Structure formats: C-alpha cells, structure tokens
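# Geometric and topological summary
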Amino acid sequence: MKIAAQNYAEAESITKLEHEISVKTEAGKSAKQSVVELEHHIKGLAEIIKYAEQYRANRPYHIGYKKAKNPDAYFRRYESQIILYGGARRMLEQAWINLKSLNVDKLKSEYQELIKQKNELTSTYKTCEKEVRELSRKLENLNQYLGRDPVQSESAKLQNKSL
C-alpha cells in the first residue's frame with residue numbers, strides 16, 4: 001500500500017506515466033536499431049581493414065616479383081605473399097577503395113569511432129530498457145492500487161510488444 005501511494009505521488013498521472021513508457025520504449029527501439037546498423041557497417045569496415053593490411057604488408061613482394069630477374073624463382077619463394085597481395089587488391093577494388101590513397105590508419109580510426117558510437121548507443125538502449133521496466137512496475141503497482149484492470153493499460157500492451 002505504501003509503495004503504491006509512493007508511486008502514485010511520483011507519477012503525477014497514469015496517462016503521463018503511460019506516455020513516458022511509450023517514449024522510453026521508442027527511444028530504446030531506435031537506439032537498438034542504430035546499434036544493428038552500426039554493427040553491419042563495423043563488420044564491413046573490419047573486413048576492408050583486414051584486406052588493406054594484407055595489401056600493404058604484401059605489396060613489397062609484388063613489386064619485387066615485377067622487378068625480379070628470375071620471376072619464376074621469386075614467385076616460388078614468395079608465392080603466399082604474392083597471392084595474398086593479389087586477393088587483397090581484388091577485394092579492395094571490388095569495394096571501390098582507391099588503392100593510391102589507401103590509408104589504413106584512417107580506416108582504423110574510423111573503426112574505433114564507430115565502436116565508440118556503438119558502445120554509447122548500447123548503453124542508451126540498456127538504460128531505456130531499464131527505465132521502461134521500472135516505469136512499468138510503477139504503473140502495475142498503480143493499476144493494482146486503483147483496482148484497474150492491467151489490460152486497460154495501453155502501455156502494458158506496448159511494453160509486452162517491445163520486449
């Protein structure tokens with residue numbers, strides 16, 4: 001009874017509480033959707049970084065192969081590096097990456113920035129989720145205290161759909 005009275009005093013009105021729940025639910029959904037989109041972008045960028053590093057590390061072997069007096073012997077000696085270079089180059093070209101202005105450090109810093117954004121959005125999402133649970137609990141207590149049927153509560157319906 002004491003908890004319900006406290007929740008009632010904090011809530012100002014049931015409609016406001018229901019509105020808060022729906023706003024927090026939407027904010028949480030939006031943050032979660034942004035996290036998913038960022039994860040896809042991060043995955044693609046990580047793959048590009050991997051190929052960019054392979055390209056950069058094995059490029060000297062390709063140049064050496066082109067300048068070698070005996071290309072067959074050079075190829076046999078550095079076959080894996082030359083093949084890795086060719087595969088990385090092909091993948092970067094397919095991703096429309098300009099090989100002349102390739103900057104792996106810039107790609108890595110962009111990757112770190114995206115990870116930072118993802119962590120912030122994940123934190124926002126989890127905070128919204130926690131707040132929705134707390135507000136729903138308050139609403140539930142108020143409904144019970146006032147003798148309202150929880151089915152009447154629109155936010156309870158929204159809450160169940162979002163979780």
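Residues numbered from 1 in each chain as written. Predicted model: local features only at pLDDT ≥ 70, side-chain atom pairs only at ≥ 80, totals over all residues. Heavy atoms only, no water.

### A few points about the pattern of salt bridges
One pass over the structure, following the stated rule, counts six salt bridges. Among the salt bridges present, the one from E93 reaches R89, with a minimum N-O distance of 3.0 Å. Remark: R89 and E93 occur in helix α4 (residues 79-94); sequence separation between them is four residues, near one turn of the helix. For E93, a relative accessible area of 38% corresponds to the partly exposed category. We note a salt bridge from E129 to R133, for which the minimum N-O separation is 3.9 Å. Within this pair, E129 and its partner R133 are both found in helix α5 (residues 104-146), separated by four residues, close to a single helical turn. Overall, R133 belongs to the partly exposed group, its relative accessible area being 41%. (Salt bridge = Lys/Arg side-chain N within 4 Å of Asp/Glu carboxyl O. Helix = DSSP H or I, 4+ residues; strand = E, 2+ residues; numbered from the N terminus. Buried < 20%, exposed > 50% of the residue type's maximum accessible area, 1.4 Å probe, protein only.)

### Some thoughts on the side chain of H62
Tracing the chain through its elements places H62 in helix α2 (residues 14-67). With relative accessibility at 18%, the residue H62 sits in the buried group. Setting aside anything within four residues of it in sequence, one finds H62 in contact with Y85 and R89. (Contact = heavy atoms within 4.5 Å.)

### Comments concerning the confidence of the model for the chain
Of the residues in the chain, 83% reach a pLDDT of 70 or more, and the chain-wide mean stands at 86. Predicted confidence in the chain is weakest over helix α6 (residues 154-162), with a mean pLDDT of 51, and strongest over α4, with 96. (pLDDT = per-residue confidence, 0-100.)

### Concerning the packing of aromatic side chains
What the rule picks out here adds up to four aromatic pairs. Where Y55 meets Y85, the ring centres are 5.1 Å apart and the plane angle is 25 degrees; that geometry is what we call stacked. Of this pair, Y55 sits in helix α2 while Y85 is found in helix α4, placing the two residues 30 residues apart along the sequence. Of the residues examined, Y55 reaches a relative accessible area of 8% and is grouped as buried. Ring geometry for Y65 and F75: centres 5.6 Å apart, planes at 50 degrees, overall tilted. A residue pair is termed long-range when its members are at least 10 positions apart, and Y65 in helix α2 and F75 in helix α3 (residues 71-77) qualify at ten residues. One aromatic cluster is present, formed by Y61, Y74 and Y78 through successive ring pairs. (Phe/Tyr/Trp six-rings, centres within 6.5 Å; stacked < 30°, edge-to-face > 60°.)

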